[in-house]
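Here is how the chains run, residue by residue.
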Amino acid sequence: MTESRPPGPAAEDGDVSSDWSPATLVVASGRPARAPGAPVNPPIELSSTYAVSPDDPARLGYGRADNATWEVLETALGALECGEALVFASGMAAVSAALHLIPIGGVIVVPRAPYNTSATLLRELEAGSSGAAHEVRWVDLSDADATELALVGAAAVWLESPTNPLMEVADLPRLVTSARKQGALVLCDNTFATPLQQQPITYGADVVVHSVTKYLSGHSDLLLGAVVTSPDARGRELRDRLRQHRTRHGAIAGPFEAWLALRGIRTLHVRFERACANAAFLAQRLAAHPAVCRVRYPGWGAMLAIEVVGGQAEADRVVAATRLWLGATSLGGVESLIERRRRYPAESELVPESLLRLSVGIEDAADLWADLDAALSAALR
Ligand SMILES: *Cc1c(COP(=O)(O)O)cnc(C)c1O
């Protein structure tokens, strides 16, 4: 895990130092200004409209455009991703807004198996169902040479590393540099890795997208998304467009969700450290389990996927037999979740029927292992 801030553009928040590490930023950023009697946490601003400002009469002053509770969360997310954040109603609202930045009809390079709802939107762009069709090039991002070939003439690249749920890992610094050389817009979904693991803007990405629903908020109690743009002139222009998109299309966050997400971020570093340690332990044990024929684990992070000996029925039985692991979708919460991804008709056919995706939580590692071991053994008996 990255313990200190990698070199790159510094966050420009007034309230934090640009040399603080992410472990400090998750705690210290997005706080009210220090003043005698000031609260330690920001208030939840519940207001749909605002009194006219005489200094800035053209300001909309409406809750669809601005909210102070969004802004404190944006300050924290911007500091963590080394850019400037905008919060959205959900991860998909953020993905959708980011995809709107791609020039009409331009070639898009994407992972061959992206997050499945993003894949559906990309297939819609390919089919031209909402306007001009795009050429979409589906590539194995872990094959950097093939991806670089596909980038020739591309208007944009959509990056995910690791991918979901095949856990394919891209050489992000190399691919981002190549894409920028081609003049392509670089968009990166950083939900799985979190900014504690990698900060794509420091490699040159234009826009980072998050499902804040997952690790950032961390307690499976809300849905929220964010886009973070690079702090240079190009990023500012993209940010203006994303902000307009948010105000006009209206996929805005609830102030309470934004506040809860900020509360969750305070413990991101300790949650993620523990979940990653649990995942490393489980990956090693699972690799030696007779009921498991393949473990997909990048060597870091808290997500892994296993392929169970047998097929769909055996994999379903494992999920049904767990007592501690919860059979459910989503990821990044404190509780461990297990899911057979091919239960969704929209999931890529590259994903084996017997594949189970594991979102490793922060419980005791030995308890997690005992429950999985028992479920795997019982399902194959
Ligand atoms: C969950 C997820 C999304 C969508 O986010 P929601 O908050 O569910 O809308 C996008 N990308 C990835 C990688 C995800 O895991």
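Residues numbered from 1 in each chain as written. Predicted model: local features only at pLDDT ≥ 70, side-chain atom pairs only at ≥ 80, totals over all residues. Heavy atoms only, no water.

**Points about unusual backbone geometry**
Excluding glycine, residues mostly carry a negative phi; peptide bonds, for their part, are mostly trans.
Consideration 1: In this chain, Ser161 is followed by Pro162 through a cis amide linkage whose omega measures -5 degrees.
Consideration 2: Mapped onto the fold, Pro162 is located in the loop between strand S4 (156-160) and helix H6 (172-181).
Consideration 3: Cis geometry marks the peptide bond from Asn164 to Pro165; its omega dihedral reads 0 degrees.
Consideration 4: Relative to the assigned elements, Pro165 resides in the loop between S4 and H6. (Helix = DSSP H or I, 4+ residues; strand = E, 2+ residues; numbered from the N terminus.)

**Observations concerning the nonpolar core**
Consideration 1: In terms of nonpolar packing, the biggest core is built from 65 residues, with Leu73, Leu77, Leu286, Ile306, Leu356 and Leu358 touching the most fellow members.
Consideration 2: Broken down by element, the residue count for this core peaks at eight residues, all from helix H11 (residues 268-287).
Consideration 3: Two domains each provide a minimum of three residues to this core, namely domain 1 (22-265) and domain 2 (268-380).
Consideration 4: Of all hydrophobic cores here, the second largest spans 24 residues; its members include Ala98, Leu99, Leu187 and Val227. (Core = buried A, V, L, I, M, F, W, Y, C linked by side-chain atoms within 4.5 Å. Buried < 20%, exposed > 50% of the residue type's maximum accessible area, 1.4 Å probe, protein only. Domains from an automatic or database assignment.)

**Brief notes about the sheet that holds S4**
Consideration 1: Taken in spatial order, the seven strands make up an open sheet running S1-S7-S6-S5-S4-S2-S3, and their pairing is mixed. Both outer strands of the open sheet, strand S1 (84-88) and strand S3 (136-139), are each paired with one neighbouring strand and no more. If you compare each strand with its neighbour and ignore which way they point, the axes differ by 20 degrees on average.
Consideration 2: Here five bridges tie strand S6 (residues 207-211) to strand S7 (residues 225-229), and the two strands are oriented antiparallel to one another. Residue Val208 lies in a different strand from S7, and its bridge partner there is Val228.
Consideration 3: Packing against the sheet, helix H2 (residues 68-81) makes contact with S1, S6 and S7, and its axis sits at approximately 130 degrees to S1. (Pairing = 2+ DSSP bridges. Axes fitted to C-alpha atoms, helices over the stretch in contact; angles between N-to-C directions. Contact = heavy atoms within 4.5 Å.)

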